[in-house]
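Observations on the model geometry
Chain by chain, the residues:
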Amino acid sequence: MLTRRKWLAAATGTLLANALPRARAEEAAGASAPEDILIALPGKKPLIKRTFRPPNFETPLADLRQPFTANDAFFVRYHLAVIPEVDVRTWRLRVGGPSIARPLELSLEELKRDFTRVSLPAINQCSGNRRGFFSPRVPGVQWGNGAMGHASWGGVRLRDVLRKCSLQGNALEVVLNGADGALLPQTPDFQKSLPVERALDENTLIAFEMNGRPLPHFNGAPARLIVPGWTATYWVKHLTDIRVQPQPFDGFWMKGAYRIPTGAFPGARFASQETPETTPITQILVNSLITTPTPGARLAHGRPAQLTGWAWDGGTGISVVDISVDGGRNWHAAALEKDLGRFAWRGFRFALDTSQAGPLAVAVRATSRGGEQQPEKLTVNPAGYHDNKILSLSLEVA
Amino acid sequence: MKHPALAAALAAFALLACTAVLAGEESIRLVDGPGRDLTATTCVSCHSLDYIPMNAPLMSRASWEKSVHKMIDKFGARVAPEDIEPIIAYLTAHYSG
């Protein structure tokens, strides 16, 4: 069996998949559960390949241990297969629509020069992060823990740009489009909308920098939207068009995707897109991730061992992270690391008792400053979003 | 590449999209069986074939029917009416949980 082995392709602009032995390729394509395969996209280090085209690549746990996720390790998520390399010299951001009095076209230079520069740390998390852990399973990209990352995003405020274009009082939604597109003209283009209030929030940015560097191609160069606290579906990459309108946007990616049962989850409402049955996913739910030890790890009997990880939510910040070492009967507060901001993740650590040999059932439960707490059970929903149930980890002291 | 039709479909995509992302996906091979080439060439015109094994463990005939019709109705996949059933039959036979 070759299943536990992984193969790597170098990041030299082309992939080395042709070197993949036939037997291995057939196994990877077979109906048995495929193992994680690490592959490097151009400009990226090897990431967990979920799909080649459109490219969906997940950050391995080992790259989620630093406070800021490295640009070349940051996850990649696309819906459509045509992803042009945008030339920053000819790139323009067009702002218009019925609720804009003075339409505008901005070059990257003008965007950088004419507006106040802002940077903020924020979690960027795919709506379907952890879909692969859903029970019962749900179709879609079978993400593990790594369809998320944390970065410092640098750019300008969307509201400053909208106000320069004389935003009208009848504005209801702000529609965002990027340069990526589909192969077939009939396939719905990936466009998203935001309620105008969220677009005008001081933390909603048009970012051109990630961790102090230009955005990587596969994370939306030259500019993308940043909607801190909301799931990554709204963080439109390769941004080219911003349209403000007085009526709800009726594109497929708002009306037909990224929806959750109305009233099933906490979080901001998107009233103009809501129906009695479903509503758009909006805010990230309170959640946590254990970075060490890894599942199934053996801890040395009597040796100090530390549990570490991150906790985050949709923008109130984390108030407490509780740890249980008896399967959830008793809880103890973990120590929290430095607060990097309310949209950032918060580090936690907890000393594990290794004085007794045997199995150790660890659980982690984060609570936000807004009072939301990770639930014991998943709220099942058809698209497999919002997996924020309490984490458990089986360890062995020996 | 063993299958000329699939090779042609991938080459056409490469011309259209001109992207390095394509590299690597030609290593994905669907299991042998009636309808394999038809399924591969149809699906690959929009996405890589790894979507199929990725979702296989949770798929059934009913969910493949739903999925194939979603590709046609929502995403504009061009599938001749007479090809729909052989594609669903192939996927159900080889990629169901």
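Residues numbered from 1 in each chain as written. Chains lettered and ligands numbered in written order. Predicted model: local features only at pLDDT ≥ 70, side-chain atom pairs only at ≥ 80, totals over all residues. Heavy atoms only, no water.

**Describing the confidence of the model for chain B**
Residue and element names in this part refer to chain B.
- Overall, the predicted model of chain B reaches an average pLDDT of 86, with 77% of residues at or above 70.
- Averaged pLDDT values for the elements of chain B fall to 63 in helix H1 (residues 4-17) and rise to 98 in helix H5 (residues 81-94).
- Taken together, the chains of this predicted complex give a pTM of 0.90 and an interface ipTM of 0.87. (pLDDT = per-residue confidence, 0-100. Helix = DSSP H or I, 4+ residues; strand = E, 2+ residues; numbered from the N terminus.)

**Let's talk about the nonpolar core**
- Residues Leu93(A), Leu111(A), Trp153(A), Leu162(A), Ile206(A) and Ile242(A) are the most contacted members of the largest nonpolar core, which totals 56 residues.
- With 5 residues, strand S11 (residues 205-210) of chain A is the largest single contributor of residues to this core. (Core = buried A, V, L, I, M, F, W, Y, C linked by side-chain atoms within 4.5 Å. Buried < 20%, exposed > 50% of the residue type's maximum accessible area, 1.4 Å probe, protein only.)

**Considering unusual backbone geometry**
Residue and element names in this part refer to chain A.
- Backbone torsion omega between Arg53 and Pro54 reads -10 degrees, so that peptide bond is classified as cis.
- Here Pro54 shows up in the loop between strand S2 (47-51) and strand S3 (56-58).
- Cis peptide bonds are those with omega within 30 degrees of zero, and the linkage from Thr292 to Pro293 qualifies with -10 degrees.
- Here Pro293 shows up in the loop between strand S17 (287-292) and strand S18 (298-299).
- The phi dihedral of Arg130 falls on the positive side, at around 70 degrees, and the residue is not glycine.
- Within the secondary structure, Arg130 sits in the loop between strand S7 (117-125) and strand S8 (148-157).
- For Arg130, a relative accessible area of 2% translates into the label buried.

**A closer look at the sheet that holds strand S20 (residues 318-324) of chain A**
- In space, the 5 strands of this open sheet follow the order S18-S25-S24-S20-S21 (chain A), with mixed pairing throughout. In the strand order of this sheet, the two ends are held by S18 and strand S21 (332-333) of chain A, each with one partner. (Pairing = 2+ DSSP bridges.)

**Details of the environment of Ser319(A)**
All names here are of chain A.
- Summarising the element assignment, Ser319 is placed in strand S20.
- Looking at Ser319, the relative accessible area reads 38%, which means it is partly exposed.
- Sequence separation of Ser319 and Arg369 is 50 residues, and the distance between their C-alpha atoms is 4.9 Å.
- With residues near it in sequence (within four places) discarded, Ser319 still touches Leu336, Thr367, Ser368 and Arg369.
- Looking at Ser319, its side chain comes within polar contact range of the main-chain oxygen of Ser368, at 3.4 Å. (Contact = heavy atoms within 4.5 Å. Polar contact = N/O pair within 3.5 Å; in protein donor to acceptor, adjacent residues only side chain to side chain.)

**Let's talk about the side chain of Asn124(A)**
- The residue Asn124(A) is located in strand S7 in this model.
- When near neighbours in sequence (up to four residues on either side) are disregarded, Asn124(A) contacts Phe74(A), Phe75(A), Ala147(A), Met148(A), Gly149(A), Trp153(A), Arg224(A), Ala232(A) and Trp235(A).

**Considering helix H4 (residues 61-73) of chain B**
Residues and elements named next belong to chain B.
- With 13 residues, H4 extends 18 Å between its outermost C-alpha atoms, agreeing within 8% with the 18 Å of an ideal straight helix rising 1.5 Å per residue.
- By the burial criterion, the buried members of H4 are Ser63, Trp64, Val68 and Ile72.
- On its buried side, H4 packs onto helix H3 (51-55) and H5. (Expected span 1.5 Å × (residues − 1).)

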